[in-house]
Amino acid sequence: MAPLRVSILGTGLSLQAFHYPLILALPDQFVLHSVLERSGRGKAKEVCGTDTKVVASLDEVLQDAEVDVVVVSTPNKTHYPFVKAALEAGKHVMVEKPVTPTLAEAEELYALAEKKGLVLCVYQNRRWDVDFLTLQKLIASGKIGEVHELSSHFDRFRPLPASHVASGWKETPGEHNEAIYNLGSHVLDQAVVLFGVPAAIACRSWDQRGTGLAEAFSASLYYPAPREDDGRTGSRPPSAVEGTVRSAIGKAGLEVKVQATMLSSLPEQVRFVVKGTRGSWVKHGLDLQEPFLRAGKKVTDDGYGIEAEDAWGTLATVDEGGKWTTEKLESEKGWYPSIYANLHDAITHRDAGRLAVQPAQVLAVLRLIELGLQSSREGRVVQV
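Everything numeric in this text was worked out from a predicted model, so none of it was measured. (Residues numbered from 1 in each chain as written. Predicted model: local features only at pLDDT ≥ 70, side-chain atom pairs only at ≥ 80, totals over all residues. Heavy atoms only, no water.)

(A) Region of the structure containing empty space enclosed by the protein. Using the criterion set out here, one finds three cavities of 30 Å³ or more in the structure. The wall of the largest cavity is formed by Lys97, Pro98, Val99, Val122, Gln124, Ser185, Val362, Val365, Leu366 and Ile369. Top element by residues in the lining of the largest cavity is helix α10 (residues 359-378). It accounts for four residues. Its residues assigned to classes, the lining of the largest cavity shows seven nonpolar, two polar and one charged. (1 Å grid on protein atoms, 1.4 Å probe; cavity = no way out; pocket = protein on both sides within 12 Å on 5 of 7 lines; lining within 4 Å. Points joined across faces, edges and corners; volume = space filled by probe spheres on them. Helix = DSSP H or I, 4+ residues; strand = E, 2+ residues; numbered from the N terminus. Nonpolar A, V, L, I, M, F, W, Y, C, P; charged D, E, K, R; others polar.)

(B) Focus on the sheet that holds strand β8 (residues 200-206). Taken together, nine strands build an open sheet; the order of strands is β14-β13-β12-β11-β7-β10-β9-β8-β15 and the sheet is mixed. Each end of this open sheet is capped by a strand with a single partner; those strands are β14 (324-329) and β15 (382-383). Across the sheet, helix α6 (residues 130-141) lies against β7 (147-153), β11 (270-276), β12 (279-284), β13 (313-318) and β14, angled at about 5° from β11, the strand it touches most. (Pairing = 2+ DSSP bridges. Contact = heavy atoms within 4.5 Å. Axes fitted to C-alpha atoms, helices over the stretch in contact; angles between N-to-C directions.)

(C) Here's a closer look at a negative patch on the surface. Together, Glu268, Glu309, Asp310 and Glu330 give the surface a local cluster of negative charge. Among the structural elements, Glu268 can be located in the loop between β10 (254-260) and β11. (Patch = residues over 30% accessible without salt bridge, like charges linked within 9 Å, V, L, I, M, F, W, Y side chains within 5 Å. Areas by Shrake-Rupley, 256 points an atom, 1.4 Å probe, with all protein chains shown as cover. Salt bridge = Lys/Arg side-chain N within 4 Å of Asp/Glu carboxyl O. Lys, Arg positive; Asp, Glu negative; His and termini not counted. Charge placed at Lys NZ, Arg CZ, Asp CG, Glu CD.)

(D) Expanded view of helix α5 (residues 103-116). Counted at 1.5 Å a residue, the expected span for α5 with its 14 residues is 20 Å, and the 20 Å between its end C-alpha atoms agrees. Within α5, burial applies to Leu103, Ala106, Leu109, Tyr110, Leu112 and Ala113. Elements that come into contact with the buried residues of α5 comprise α4 (79-88), β6 (120-123) and α10. (Expected span 1.5 Å × (residues − 1). Buried < 20%, exposed > 50% of the residue type's maximum accessible area, 1.4 Å probe, protein only.)

(E) Expanded view of the confidence of the model for the chain. Of the residues in the chain, 96% reach a pLDDT of 70 or more, and the chain-wide mean stands at 93. Within the model, the stretch residues 230-237 combines pLDDT values under 50 with 23 contacts to residues more than four positions away or in other chains. (pLDDT = per-residue confidence, 0-100.)

(F) Spatial organisation of the packing of α4 against α5. Running from N to C, α4 and α5 point in directions that differ by 10°, and their axes come no closer than 10 Å. Comparing their axes, α5 and α4 come out roughly parallel. For the pair α4 and α5, the contacting residues are Tyr80, Val83, Lys84, Leu87 and Glu88 in the first and Glu105, Glu108, Leu109, Leu112, Ala113 and Lys116 in the second. Of the residues that constitute the contact of α4 with α5, the class distribution is six nonpolar, no polar and five charged. (Parallel < 35°, antiparallel > 145°, perpendicular 65-115°, else oblique.)

(G) The environment of Arg204, seen in detail. On the secondary structure map, Arg204 appears in strand β8. Spatially, the C-alpha atoms of Arg204 and Gly379 are 7.9 Å apart, while their sequence positions differ by 175 residues. For Arg204, the contacting residues outside a window of four places in its chain are Ala216, Phe217, Ser218 and Ser376.

(H) Highlighting the pattern of salt bridges. Applying the stated criterion across every chain yields a total of 15 salt bridges. Glu46 serves as the salt-bridge partner of Lys43, at 3.4 Å between the closest nitrogen and oxygen. Here Lys43 and its partner Glu46 are both found in helix α2 (residues 43-48), three residues apart, which amounts to about one turn of the helix. Given a relative accessible area of 25%, Lys43 falls into the partly exposed group. The shortest N-O distance in the salt bridge between Lys84 and Glu108 comes to 3.2 Å. Of the two residues, Lys84 sits in helix α4 while Glu108 sits in helix α5, which places them 24 residues apart along the sequence. Because the salt bridges share partners, they merge into one network encompassing Arg126, Asp129, Glu290 and Arg294.

(I) Structural context of the environment of Val245. Along the chain, the position of Val245 falls in the loop between β9 (216-223) and β10. Overall, the relative accessible area of 5% leaves Val245 in the buried class. Distance in space between the C-alpha atoms of Val245 and Met1 is 36 Å, their sequence separation being 244 residues. Not counting residues within four places of it along the chain, the set of residues in contact with Val245 comprises Gln136, Ile139, Ala140, Leu194 and Phe195.

(J) The arrangement of the packing of aromatic side chains in detail. Applying the stated criterion to the full structure yields eight aromatic pairs. The interplanar angle of 25° and the centroid separation of 6.3 Å between the aromatic rings of Phe272 and Trp281 together place this pair among those described as stacked. Residue classification places Trp281 among the buried residues on the basis of a relative accessible area of 0%. Measuring from centroid to centroid gives 5.6 Å for Phe292 and Tyr304, while their planes differ by 70°, and the two rings are edge-to-face. Linking Phe292 in helix α8 (residues 289-294) with Tyr304 in the loop between α8 and β13, this pair joins segments that are 12 residues apart in sequence. Its relative accessible area of 11% is what places Phe292 among the buried residues. Overall, the relative accessible area of 2% leaves Tyr304 in the buried class. Taken together, the ring pairs connect Phe18, Phe30, Tyr123, Tyr336 and Tyr340 into an aromatic cluster. Residue placement shows Arg271 over the ring face of Phe272; its charged tip is 4.1 Å from the ring centre. (Phe/Tyr/Trp six-rings, centres within 6.5 Å; stacked < 30°, edge-to-face > 60°. Lys NZ or Arg CZ within 6 Å of the ring centre and 35° of its normal.)

This is the structure we're talking about:
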């Protein structure tokens, strides 16, 4: 089968650091057809090569019968109309997170994709981060016992200079660019992948640096203890979205804390802290794949997805006699191309059910975002 032909909408960071390098890494499955660039600055050719086909309008992409897949890598407010137009034109779609600003819009798009027999995939690449893959494997192994607390941070220390002037769509208020939509989509998705849908959420979303945009958020997700009668959690009916390691929730229940802030004044940022009945794991620093690709390197270059030993997380376990053992836990290899390989698999088998990023999970994350913002406005815990 010939490679699927891909058109990428947008020439921002995602073109250079994510979509184009991953497509390039899978030549038997995908080939770049074109890039939509409306600015005229020549960024597409700079990133993808001088022979890259550049188009100036969405209509050119949608009316081109050669295009099989459209990658929507544009501002959040454009996701709904662009994805809808692509699906109506008979194109499969890969869209940056959040898939849409609202749950209702996302439900509509998934229904349209199903009606058209097309695949709609959300770009949740951080499921293949070195740290998250390591965390999944560790919890599933049972080495730290039943989990009762997990903290997931995506913090930065970026104080604003007095001369700062907002630039770019990500700093524009009122267009669903809040931190809970951007980085929140990742950390909430990871929580759902691990443990499924929580019973309740408490959240604060706020403007930490006075920019006019809620660029920081912190949320607690509450998972009740497993019920003895059915092995699932809580007093409510089981969720349609079950996590991969949900059985690891302890008898006292589980609290998952997720956050992204801009003024975390630490020399080394915490990424994960997980605590179980027999130990813990602490991980600092962010995944290396994005900076690797931003530096102009390729997926096929030496060192891609492999974390240096000094960046590995610290595993601490305690035996029945109370003796503690501390060691560095080797990180799993990160591999962002997996999400595109999975997209190809779903398209070629004409089966959206093969997607790793399932619609039910995407919708669950959007619901948590909406309920989290409600919790922040009302100052209370909200049932999910």
